[in-house]
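Residue-level listing of the chains:
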Amino acid sequence: QVPFVESGGGLVEAGGSLRLSCAASGGPFRTYAMGWFRQAPGQERVFVAAISQTGTFRYYSDSVKGRFTVSRDNAKNTMYLQMNSLKPEDTGVYYCSRIMYRTRAPIGSWGRGTQVTVSS
């Protein structure tokens, strides 16, 4: 039913940090390029960060580059997003998904996401 389960969100003050997790509920996780996306209220879902199957290559949107770090532990079937120096503009629901690495296009259905709220 749900391919991935996101967790780790919360309410933090600007400048704070959060670490999100994306746990695979099935499938050969280690063969998937993966990505993080977020959706702010009233806005479209946008790409945030991507990581290749073994973690060798990583790609970030300009808005988070230098502040966020994506990683993965294939032995645990889990991807992570370390978010530092958070800004109110980072507020939104964060989702993870299998992706086509070259284009960062999501593949398959979405999970339920985890809410991140950054106060000013």
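The rules behind these values
Residues numbered from 1 in each chain as written. Predicted model: local features only at pLDDT ≥ 70, side-chain atom pairs only at ≥ 80, totals over all residues. Heavy atoms only, no water. Salt bridge = Lys/Arg side-chain N within 4 Å of Asp/Glu carboxyl O. Helix = DSSP H or I, 4+ residues; strand = E, 2+ residues; numbered from the N terminus. Core = buried A, V, L, I, M, F, W, Y, C linked by side-chain atoms within 4.5 Å. Buried < 20%, exposed > 50% of the residue type's maximum accessible area, 1.4 Å probe, protein only. Contact = heavy atoms within 4.5 Å. Phe/Tyr/Trp six-rings, centres within 6.5 Å; stacked < 30°, edge-to-face > 60°.

Quick word on the pattern of salt bridges
Point 1. Applying the stated criterion across every chain yields a total of 2 salt bridges.
Point 2. With a closest N to O distance of 2.9 Å, D90 and R38 form a salt bridge. Placement of the pair is D90 in the loop between β8 (78-83) and β9 (92-100) and R38 in strand β4 (residues 34-39), with a sequence separation of 52 residues.
Point 3. Its salt-bridge partner being D90, residue R67 comes within 2.8 Å of it at the nearest N-O pair. Residue R67 is found in the loop between β6 (58-60) and β7 (68-73), and its partner D90 is found in the loop between β8 and β9; the two are separated by 23 residues along the sequence.
Point 4. A cluster of three or more residues bridged by salt bridges with shared partners is formed by R38, R67 and D90.

Let's talk about the nonpolar core
Point 1. In terms of nonpolar packing, the biggest core is built from 24 residues, with W36, M79, L81, M83 and Y94 touching the most fellow members.
Point 2. Looking at this core, the elements that each hand over two or more residues are β3 (18-24), β4, β5 (46-51), β7, β8, β9 and β11 (114-119).
Point 3. Look past the residues within four positions of M83 in its chain and what remains in contact with it is G16, S17, L18, L20, R67, F68, Y94 and V116.
Point 4. A33, F37, F47 and I99 belong to the second largest nonpolar core, which has 5 residues in total.

Regarding the packing of aromatic side chains
Point 1. Taken as a whole and assessed by the stated rule, the structure comprises 4 aromatic pairs.
Point 2. Where F47 meets Y59, the ring centres are 6.0 Å apart and the plane angle is 40°; that geometry is what we call tilted. Placement of F47 in strand β5 and of Y59 in strand β6 is noted, with a sequence separation of 12 residues between them.
Point 3. Take Y59: its relative accessible area is 38%, and that puts it in the partly exposed class.
Point 4. Judged by centre distance (5.9 Å) and plane angle (65°), the ring pair of Y95 and W110 falls under edge-to-face. Taken together, the residues span a long stretch of sequence, with Y95 in strand β9 and W110 in the loop between β10 (105-107) and β11 at a distance of 15 residues.
Point 5. Accessibility expressed as a relative area gives 11% for Y95, which makes it buried.

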